[in-house]
Amino acid sequence: MSKIIPIKRIISICAFGLILSFKLQAQSFSFEQIDDSFSNPPNAFRLVHYSMNGPMNEEVLNEMTRYGIGGIQTSVPYDNYLQDEAAWDLTASFIRQAKERDLQVWIHDERGYPSGAAGGLVVKGHPEYEVRGMIRVNRTGTGTGAVTLNLPSDITFIRANICKVVNGEPDFSTVQEVTISGSKIETKGLEGNWQLSAFGEKILDKDTQAQSTIEQFGQTGHYPSLLNKEACARFIEVTHQNYANHITPIDEKIDVFYTGEPNLMASYWKYDGSTADYPYIPWEKTLIDSFRAMHNYDLMPHLDALFAGSSEKAQTIRMHYYQTIAELVAENYGGQISAWCEQNGVRSMGHPLLEEDIICHVFCYGDMLRFLREFHIRGCDLHIGREENNHWIYWMGKYVGSAAYLDDKDTATIMGLLDPIIGRGMDDLTPEIPILKRTVNMNMLCGLNQFTSYMPYNSASDGYDAGEYRKFNEYVGRVTMILRGSWSEALIAMYYPIKSFQSKYLASDNHWNKVANDFRERQIVVDDLAKGILESGIDFNFVTDDVLLKSTVQRGKLKVGSHIYSQLVMPKVEMIPLDVLKKIEEINAAGIRVHWVEAVPKLGASMEEHSEVKEIAKTILTNNAPISDLQRIRYNDFSINFEISNDHLSMARFRKEDKRIYFVVNNSRDEVTLTASSQDVQHLKIYNPVDGSTKEVTLPLLEKIGGYESLLLVETVDKNATEFFD
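Residue positions are given per chain, counting from 1 as you read along its sequence in written order. A pLDDT threshold of at least 70 governs which residues receive local features in this predicted model, and a stricter bar of 80 or more applies before side-chain atom pairs are shown or counted, although totals over entire chains, interfaces and linings include all residues. The basis for every side-chain value is the complete set of heavy atoms in the structure, and neither hydrogens nor water enter the calculation.

Help me understand the sheet that holds strand β17 (residues 487-488) in this model?
Strand pairs in the sheet, formed through backbone hydrogen bonds, run parallel or antiparallel to each other. Here we have six strands laid out as an open sheet, ordered β17-β26-β27-β32-β29-β30, and antiparallel in their pairing. Only two strands of the sheet have a single neighbouring strand rather than two, namely β17 and β30 (693-698). Paired strands, in this sense, are two strands between which DSSP finds at least two bridges. The helix and strand labels rest on DSSP assignments: H or I over at least four residues marks a helix, E over at least two residues marks a strand, and numbering proceeds from the N terminus. Judged from the six bridges that link them, strand β29 (residues 683-688) and β30 form a sheet pairing that is antiparallel. Bridge pairing in β30 links K685 to E696. Together, β26 (649-656), β27 (659-666), β29 and β32 (710-716) form the strand contacts of helix α16 (residues 466-483), whose direction differs from that of β32 by roughly 25 degrees. By definition, residues are in contact when any of their heavy atoms lie within 4.5 Å. Only the stretch in contact is used when fitting a helix axis, every axis being a line fitted to C-alpha atoms; angles between N-to-C directions are given from 0 to 180 degrees.

Dropping the structure here:
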């Protein structure tokens, strides 16, 4: 779908572009600056502490400084949220004091989470903005006799359809709209088997995530629809603009507006074995026109496909539906927030919900990567790397990192929230420092270069020793100072198979975890590939349809934007647009190996494409165990070879300025001996983030890396040499 950018936004972007560009550049250091600051990294690269409506006073800021923290994520106090002038004065004073200490200031844009509601103020006085879902009541029958369908009176029904059923599937060519009279439908059946369905609009004001945080944060639980442009604009008006009115000049006082876990509320949130009253899907009346504009047919006769059916037609309709949702959520919420931030010289940060599973990307956002691409900074929750966690999804950061790389936008900041509650609950809010190091190390391998945390850090709250926590902050700051603004030198492009998930998702009354488990077999294909690639030291990024279509093959490599890949991996891709499939065939013919894992395409992006996609798929062979083949790939430019004393070393490669960066991580408690050699490289500079030291070395070298620690080996490229695709 083409996007028309309003003239006033173009003017605003031009007028404020220099301000925003300067602020973005200020977050990334050159190596000259790094060498001057490595022993004592600036606050811009250290942890930001999320204060969760904490006290605002000088003592708090003094403690943060003592613990080596680099910034604070705060908001106006929750009492009489956004409406108390004394609270605004307190907030303005606190932010002024924080900036005087050169701390980062991030504004959390909500009374707790999920963001988007302004504590309930968005919906207050505007009931038309409240989030809605669609439910279905239906019955089946045979023959043309009289039919009655009684409907629940507490739901507003907006459409009813009757159609023939053939081989257990609705025949959409026979759909007839029928009249709804109050809480009843009276009509006649059709010849043969038929299905009568009524579709109702239900306000989602119970048992969603928005209601789960009422007691914790004191908000109302009335959440707006992110599919509604006006509702999202009101959120910005009562929140972001309020900050601009009270914290002046805003571009000098606030660095980032952080939005946390906004979503469509299309998942049942009670985790007690119960289910919702009805299976439901995200809904907003504006979907009707948007769907027609994007896909050139009417959604309303096809609503049954969103609730049941496995036919090609049903799967295609579902994919089209969630494509439409993805565009609306991204443009209305992320797009409007980022436009406002651009106009005010502040960066936007998007932190989605349930990043781990692609099926959750569907019912939360339609397409999570599409949502994230609207923001200046992309972020996610981070599972803590506790040793007893046998299924640690440390590669989750690849979703948010890839979202930054897709558009060659600002790659300066990719954020992770250290979240000790995930998978553990409240019994260990202060994991030991080595485990925190392990967590940030493995996520920095995946491209993250900014960290936040709400962990109680000081000893008065059963937190950490000040000296230990300061060293941890310095450690994080040193690594992120080098990695921020660099480009991931991943060798593998992994296709983001969102359409295959969209096409399979049906309205659900189950808790989100049950839904994710139902798709576990499909998700495991992605997870196993991610883990296998990263543990082989060769790295990957997700790629999407639009960037593949613009890619080129040069000198035997796949060039996607500014990134160069050697091979392409397709994880259980069963639905793919025909033009993308043809592009992949061209890529393969040009010498780029394509690994189709577990499946080949069965469907295109429209009914007209399916037959040709199937014909092409007949020529495709699957490779269900590609890791051994991928391990044979070698970096042309990164020529240093490593040997280690055990099998727990992990590595990622980055490029920045005229430097090649090898980030080497010891993912074990035991010390590792690292040997490095090269036929092409003689000299390196080692940056040790543990103690802040640097040294020039000559290869071959022998270095020890402590448990859960790391080294950065930096090679300066000969300026007379020709770099790949420079």
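Which parts of the structure should I look at to understand the sheet that holds strand β3 (residues 104-108)?
What the eight strands build is a closed barrel, ordered β1-β2-β3-β11-β13-β14-β15-β16; its pairing is parallel. Put simply, the sheet's adjacent strands are angled 25 degrees from each other on average, direction ignored. Sheet analysis places strand β14 (residues 377-382) next to strand β15 (residues 414-418), joined by five bridges and oriented parallel. In the strand pairing of β15, R378 is matched with I414.

Any chance you could explain the packing of aromatic side chains here in plain terms?
Aromatic rings in a pair are described by how distant their centres are and how their planes are angled relative to each other. Here the aromatic set is Phe, Tyr and Trp, taking the six-membered ring for Trp, and pairing holds for ring centres within 6.5 Å; pairs whose planes are under 30 degrees apart are stacked, those over 60 apart are edge-to-face, and all others are tilted. Under the definition given, this model contains 35 aromatic pairs. Seen in terms of ring centroids, Y78 and F217 are 6.2 Å apart; in terms of plane orientation they differ by 85 degrees. Their pairing is edge-to-face. Residue Y78 is found in the loop between β2 (71-74) and α4 (85-100), and its partner F217 is found in helix α6 (residues 214-217); the two are separated by 139 residues along the sequence. This pair shows no difference in class: Y78 is buried, exactly as F217 is. Among the aromatic residues, ring-to-ring pairing joins Y67, Y457, Y464, Y469 and F472 into one connected group. Note on geometry: a ring has a charge over it if NZ (lysine) or CZ (arginine) is within 6 Å of the ring centre and within 35 degrees of the ring normal. One Lys or Arg, K398, reaches over the ring of F540 and ends 5.6 Å from the middle of that ring. Lying across the ring of Y475, K437 places its NZ or CZ 4.6 Å from the centre. Buried, partly exposed and exposed residues are distinguished by accessible area as a fraction of the type maximum, computed with a 1.4 Å probe on protein chains only: under 20%, between the cut-offs, and over 50%, respectively.

Looking at this structure, how should I read empty space enclosed by the protein?
Any empty space left between atoms is shown by rolling a water-sized probe over those atoms. Every definition here rests on a 1 Å grid over the protein atoms only: cavities are sets of points where a 1.4 Å probe fits but cannot get out, pockets are open sets enclosed by protein on both sides within 12 Å along at least five of seven lines, and lining residues have some atom within 4 Å of a point. Grid points are joined across faces, edges and corners, and a volume is the space filled by probe spheres set on the points. Counting across every chain of the model gives six cavities of 30 Å³ or more. Each pocket or cavity is described by its volume, and for the largest cavity that value is around 110 Å³. Taken together, K202, I203, L204, D205, K206, D207, T208, Y268, A276, D277, Y278 and Y280 make up the lining of the largest cavity. Looking at the lining of the largest cavity residue by residue, the class counts come to six nonpolar, one polar and five charged. If you add up the space inside the second largest cavity, you get close to 70 Å³. The wall of the second largest cavity is formed by Y394, M442, L445, C446, L534, E535, D539, S650, M651 and A652. Of all the secondary-structure elements, those providing two or more residues to the lining of the second largest cavity are α15 (433-445), α19 (520-535) and β26. With three residues, the top contributor of residues to the lining of the second largest cavity is β26. Just so you know the grouping, Ala, Val, Leu, Ile, Met, Phe, Trp, Tyr, Cys and Pro go in nonpolar, Asp, Glu, Lys and Arg go in charged, and all remaining residues, Gly too, go in polar. For the lining of the second largest cavity, the per-class residue count stands at seven nonpolar, one polar and two charged.

Just checking my understanding: could you explain the pattern of salt bridges for this structure?
As a working rule, side chains carrying opposite charge can pair if their charged atoms are close by. For this document, the term salt bridge refers to a Lys or Arg side-chain nitrogen within 4 Å of an Asp or Glu carboxyl oxygen. In total, this model carries 42 salt bridges according to the counting rule given. A salt bridge links E63 to R66; the shortest N-O distance between them is 2.8 Å. Here R66 and E63 lie together in helix α3 (residues 58-66), a separation of three residues that amounts to about one turn. The salt bridge partner of E387 is R669, with a shortest N-O separation of 2.5 Å. With E387 in the loop between β14 and α14 (397-406) and R669 in the loop between β27 and β28 (672-677), this pair connects stretches of sequence that are 282 residues apart. Overall, E387 belongs to the partly exposed group, its relative accessible area being 40%. Residue classification places R669 among the partly exposed residues on the basis of a relative accessible area of 39%. Each of the salt bridges in this network shares a partner with another, and the network as a whole consists of E327, E331, R370 and E374.

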